[in-house]
Amino acid sequence: METKKEQENKLVNKPGSELYKERVDYICSIPRFTRKAKLENTGLLLAELGDPQLKVKSVHVAGTNGKGSVSKMMAGILERSGFKTGLFISPHLVRINERLSINGVDITDEDFLEIDRRVMDAVNSLLATNKDFEHPAFFEYIFAMGALYFAEQGCDYVVFETGLGGRLDATNILSPELCIIASIGLDHMQYLGNTIREIAGEKAGIIKPGVPIVYNTGEAEADEVILDTARRLSSEEVNVATEWAAYQINASEKGSVLSDLMADLPVYQQENAKTAYTAFRVLAEKEQIHFDEEIFCDTIKSFRFPGRLEYIADNIILDGAHNEDAARALIKSLRRICERDGWKKISLFFAVSSDKDYNSIIKLLSEGLDIEDVYVSELCSDRREDAGTVMKLFQKYLPAEKSNDVVGSTDMKKLWETAVGELSDDTLLVAVGSLYMVGEIKGFL
């Protein structure tokens, strides 16, 4: 059996690309959940690393849909305002490095390996000396890497997106300058609860005493939960819907480029942009940052987020919508796009995780869009749903004459090539159902 020193020597002598692949494979093999995937466990690991999360100012973002977009918008605004800004986001689409970026640039493979080495050393040290510590779960491990990386790089601000929920999420060990909760809907119910109120309670778990909370949930019940939590913790609460209504009244009197810009955004991004705008105003006031509306407008004009209504060709869109609310927002956006650009029909490319409420998503898409063809595949994951099961649901909800236009294959690459090859001139191809599917498609483009 090799000694620890022999293992270390072997790693040091490996070529960078080989070692990088080995370490990424290891990290991705870490279970998503463990018996002790709790904040106490995360706290032990971060303390071993010197509590790097306390060495940077942070913004903490939760929500069912839109939290990724809001996080990326906030990071973009801070960067354009002159700050060295980190962004911690999930999931990654093609490379794990996407989860950690500074001023829009992903962590290099070399830095990734160095940060991973230090986190792994801390994990091994704790496993050897502390019986209460357990190997961190996947997200917990990546979060520790992010906290250390951003601190080491001397970031002025870091925007951290939660992984799942909020109250028990590894990121909830942060001491942020501002908390944000984007839209709240029914997703991850096996972990967060079966009602909007229960899920809102989990998201509201990120609210810290005395720290402002900006929220735009789209649900009255969720707003009540957040308001009650904020008042109990003496935290300033800012409802985006209320603030935006007041802004519009003021803007209508003097005219505003921002209002026109918002109207041109995809439907689902309008609410995210309103949330980012309101959140930055609150942060600017708290941190005495100069608020420049022009900087915000420039950020939104140039905003691109892979896998969110992303055009990869004039007639092909990738979107990771994977729950009811996201599907509804996508349908609205696609109708607007078809009307604006003259597309007569839509073909769908679909794959989904087995833990999603895909029945509702398929029903919404089938009844809400004029669908030409459906191509169903499977994710390269143990969470994949069987293509045959999904095909039957499309056949159930589409008009009877369309049942033969639903085809499937477990070979995603081959099926994608078929879908693109069969696309007619008046039809828009939309890949939807999972961000992981989007990542797989982008991987073989």
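Here the structure is shown first, and the text comes after it.
Sequence positions are assigned chain by chain, starting from 1 and proceeding in written order. Whole-chain, interface and lining totals are the exception, using all residues; otherwise, since this is a predicted model, local features are given only for residues with pLDDT of at least 70 and side-chain atom pairs are given and counted only at 80 or more. Side-chain figures throughout are based on the complete set of non-hydrogen atoms in the structure, without hydrogens or water.

S.K.: Can you help me understand the overall build of the protein chain in this one?
M.R.: Runs of H or I in DSSP of at least four residues are treated as helices and runs of E of at least two as strands, each being numbered from the N terminus. When helices and strands are tallied, the protein chain shows 18 helices and 14 strands. Computed over the C-alpha atoms, the radius of gyration of the protein chain is 22 Å, within 12% of the 22 Å expected from 2.2 N^0.38 for a compact globule of 445 residues. The C-alpha extent of the protein chain, read off along each of the three principal axes, is 65 × 65 × 40 Å. The buried share among the 445 residues of the protein chain stands at 54%. In this description the radius of gyration comes from C-alpha coordinates, and the expected globular size is given by 2.2 Å times residues to the power 0.38. Working definition: with a 1.4 Å probe on protein chains only, accessible area under 20% of the residue-type maximum means buried, over 50% means exposed, and in between means partly exposed.

S.K.: Looking at this structure, how should I read helix H3 (residues 39-48)?
M.R.: Because each turn of an α-helix spans 3.6 residues, side chains separated by three or four positions in sequence point in the same direction. Regarding H3, the residues found buried are Asn41, Thr42, Gly43, Leu45 and Leu46. Contact between two residues is taken to exist if any of their heavy atoms lie within 4.5 Å; hydrogens are not considered. As for H3, its buried residues are in contact with helix H5 (109-129) and helix H6 (138-152). Just downstream of H3, glycine 50 is the residue with a positive phi angle, here 90 degrees.

S.K.: Would you explain the sheet that holds strand S9 (residues 310-313) in this entry?
M.R.: Two strands in a sheet stick together by hydrogen bonds in their backbones, pointing the same way (parallel) or opposite ways (antiparallel). Two strands make a pair as long as DSSP finds a minimum of two bridges between them. The six strands lie next to each other as S9-S10-S14-S11-S12-S13, forming an open sheet whose pairing is mixed. Single-partner strands in this sheet number two, and they are S9 and strand S13 (406-408). Across the sheet, the mean angle from the axis of one strand to that of its neighbour is 20 degrees, orientation sign disregarded. Axis geometry follows a simple rule: fit a line to the C-alpha atoms, using only the stretch in contact for helices, then measure angles between N-to-C directions, giving values from 0 to 180 degrees.

S.K.: Explanation requested: the packing of helix H15 (residues 358-368) against helix H16 (residues 387-397) in the structure shown.
M.R.: Working note: a packed helix pair is described by the angle between its axes plus the distance between those axes. Interaxial distance between H15 and H16 falls to 9 Å at its minimum, and their mutual angle equals 40 degrees. As judged from the angle between their axes, H15 and H16 are oblique. The interaxial crossing formed by H15 with H16 has right-handed handedness. Touching Tyr358, Asn359, Ile362, Lys363, Ser366 and Glu367 of H15 are Thr389, Val390, Leu393, Phe394 and Tyr397, all from H16. Polar here means any residue other than Ala, Val, Leu, Ile, Met, Phe, Trp, Tyr, Cys and Pro, which are nonpolar, and Asp, Glu, Lys and Arg, which are charged; Gly is therefore polar. Per-class residue counts for the contact of H15 with H16 are six nonpolar, three polar and two charged. Any angle from 65 to 115 degrees is called roughly perpendicular, while one under 35 is roughly parallel, one over 145 is roughly antiparallel, and all others are oblique. We call a crossing left-handed when the near helix sits turned anticlockwise from the far one by less than a right angle, and right-handed when that turn is clockwise.

S.K.: Sorry if this is basic, but what is going on with unusual backbone geometry here?
M.R.: Excluding glycine, residues mostly have negative phi values, and the peptide bonds linking residues are mostly trans. Note that the residue after serine 90, namely proline 91, is joined by a cis bond; omega there is -5 degrees. Positive phi outside glycine occurs at glutamine 288, with the angle close to 55 degrees. If you trace the backbone, glutamine 288 turns up in the loop between helix H12 (267-287) and helix H13 (293-301). Taking the relative accessible area as the measure of exposure, glutamine 288 reaches 76% and is therefore exposed. A positive phi angle is found at leucine 309, which is not glycine, with a value near 45 degrees.

S.K.: Hey, could you run me through the pairing of strand S1 (residues 57-62) in this one?
M.R.: On a regular strand, one side chain projects to one face of the sheet and the next to the other, so that they alternate. Of all six residues in S1, five are buried; the element is thus mostly enclosed. As paired strands, S1 and strand S5 (residues 157-161) are joined by five bridges and run parallel to one another. Following the sheet pairing, lysine 57 is matched in S5 by tyrosine 157. With four bridges joining them, S1 and strand S6 (residues 178-181) adopt parallel strand pairing. What sits directly across from alanine 62, in S6, is isoleucine 181.

S.K.: It is not clear to me how the pattern of salt bridges should be interpreted in this structure. Could you clarify?
M.R.: Think of it this way: side chains of opposite charge can pair up when their charged atoms draw near. The term salt bridge refers to a pairing of a side-chain nitrogen on Lys or Arg with a carboxyl oxygen on Asp or Glu at a separation within 4 Å. Counting across every chain of the model gives 26 salt bridges. We note a salt bridge from lysine 286 to glutamate 177, for which the minimum N-O separation is 3.2 Å. Of the two residues, lysine 286 is situated in helix H12 and glutamate 177 in the loop between S5 and S6; the sequence distance between them amounts to 109 residues. Here glutamate 372 and lysine 402 are joined by a salt bridge, their closest N and O atoms 3.6 Å apart. Pair noted here: glutamate 372 is in strand S12 (residues 371-376) and lysine 402 is in the loop between H16 and S13, with a separation of 30 residues, a long-range link. Among the charged side chains, a salt-bridge network with shared partners connects Lys57, Glu177, Lys286 and Glu287.

S.K.: Would you mind going over the packing of aromatic side chains with me for this structure?
M.R.: Given two aromatic rings, their pairing is described by the distance between the two centres and the angle made by the two planes. Working definition: rings of Phe, Tyr and Trp (its six-membered ring) pair if their centres are within 6.5 Å, and the pair is stacked with planes under 30 degrees apart, edge-to-face with planes over 60 apart, and tilted otherwise. This structure, assessed with the given rule, holds 15 aromatic pairs. Each ring, one from tryptophan 244 and one from tyrosine 277, has its centre 5.6 Å from the other, and the planes form 90 degrees; the classification is edge-to-face. Linking tryptophan 244 in helix H10 (residues 240-254) with tyrosine 277 in helix H12, this pair joins segments that are 33 residues apart in sequence. Both rings, one in tyrosine 277 and one in phenylalanine 291, keep their centres 5.4 Å apart while their planes meet at 85 degrees; by these two values the pair is edge-to-face. Highlighted residues: tyrosine 277 in helix H12 and phenylalanine 291 in the loop between H12 and H13, separated in sequence by 14 residues.

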